[in-house]
Amino acid sequence: MAETVLLESTHKKHEKQSAREKSSLLRGLIRTARPKQWVKNVLVVAAPAAAGELFSRHALTQIALVFVLFTASAAGVYLVNDARDADADRAHPVKRHRPVAAGQVPVPVAYSVGIALAVVAPTVAAFLCSPLTSALLTAYLGMQFAYCVSLKHVLVIDLVVVTTGFLMRAMIGGLALGIPLSRWFLITTGFGALFMVSAKRYSEAVQMAGKAGATRALLTEYTTGYLRFVWQLAASVAVLGYCLWALEEGGVPHTSVLPWRQLSMVAFILAVLRYAVFADRGTAGEPEDVVLRDRALALIGVVWLAMYGLAVANW
């Protein structure tokens, strides 16, 4: 009788330990998927919103689906990247706490889940969205895996790849709904993304100046002067592209109460100028952190969004 009780107690302990290990593994996988970064995928609404085709049931369903699929694709990239960099991350004072580097998620599991997500996302997109959506996801994954392997060590190309990732997020919503993407949309979004990416690199370079063991080896090859030039140039082109869109009526007279397209230029330029304050200080880290941390920038963003919406609705 005592032996039976002992066996049952041991069995329950093993079950509890197994449940804790599975829970820990799941938490580790979610952490490795970078939930904080998912806010970037909200860019999938950009093209439908710009075209005023966001609020039909079909549009909302497709946008929700491509958001999930892009998030799954990005998570797959993060998992493979962390599995590949596990040894290097263990020697880093901050990155050693990442679940894969810390041993919470075994390297083979990270590879398996990451590759599975990278295969499933474009496949689902091909059946439930459109061939172009699937093709864009496939191109994104190929580019990001190439970035993980070698492109992140190539000057300028690393900036282009990260910027293109943002641009693809903004494009995929339009492709899923068959919405033509205007040249001004692509120019403003692309150079706006380059502005934020280069500002982040500039901030990292400023913070690591004079310190040994830069978080990214490539930062030692860039000069702060060059990165400053890049984000200033990108900001200028983004503003120019947006202003050209706002001033181009396309031969259609507006019937709105106020010229919202033109007025929205003020909010857009103020937002760029406000973001440039953090870039100049060397404190422009992740774009979502900058926006959410600064109330003034968030308020300007809300005002711009309202004006842009009124312009699209021609109210």
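The coordinates are above.
So, here is what we can say about the structure in this document. Computed from a predicted model, the values in this text were never measured in an experiment.

Rules used throughout
Residues numbered from 1 in each chain as written. Predicted model: local features only at pLDDT ≥ 70, side-chain atom pairs only at ≥ 80, totals over all residues. Heavy atoms only, no water. Core = buried A, V, L, I, M, F, W, Y, C linked by side-chain atoms within 4.5 Å. Buried < 20%, exposed > 50% of the residue type's maximum accessible area, 1.4 Å probe, protein only. Helix = DSSP H or I, 4+ residues; strand = E, 2+ residues; numbered from the N terminus. Contact = heavy atoms within 4.5 Å. Expected span 1.5 Å × (residues − 1). Salt bridge = Lys/Arg side-chain N within 4 Å of Asp/Glu carboxyl O.

To continue, consider the nonpolar core. Ranked by internal contacts, the top residues of the largest apolar core, which has 35 residues, are L159, F195, W231, Y275 and A284. The set of elements that each furnish at least two residues to this core consists of helix 8 (157-177), helix 9 (183-208), helix 10 (224-247), helix 11 (260-281) and helix 13 (295-313). Leaving out residues up to four positions away in the same chain, F195 has contacts with W231, A234, A235, V272, Y275 and A276. Of all hydrophobic cores here, the second largest spans 28 residues; its members include A121, Y140, M168 and A176.

Moving on, we get to helix 7 (residues 131-149). Here helix 7 spans 27 Å end to end across 19 residues, near enough to the 27 Å set by a 1.5 Å rise per residue. Listing the buried residues of helix 7 in full gives T133, S134, L136, L137, Y140, L141, M143, Q144, Y147 and C148. The secondary structure elements touched by the buried residues of helix 7 are helix 3 (57-84), helix 6 (107-128), helix 8 and helix 9.

All right, on to the pattern of salt bridges then. Across all of its chains, the model carries 10 salt bridges by this definition. A salt bridge links D289 to K36; the shortest N-O distance between them is 3.5 Å. Residue D289 is found in helix 12 (residues 287-293), and its partner K36 is found in the loop between helix 1 (2-32) and helix 2 (46-51); the two are separated by 253 residues along the sequence. Of the charged contacts, one joins R201 and D158 as a salt bridge, the two residues approaching to 3.3 Å between their closest N and O atoms. Within this pair, whereas R201 is found in helix 9, its partner D158 is found in helix 8, the two being separated by 43 residues in sequence. Here R201 and D158 have matching classes, each one buried. Through salt bridges with shared partners, a single network forms among R34, D82 and R98.

Function cannot be inferred from these measures alone, as they are strictly geometric.
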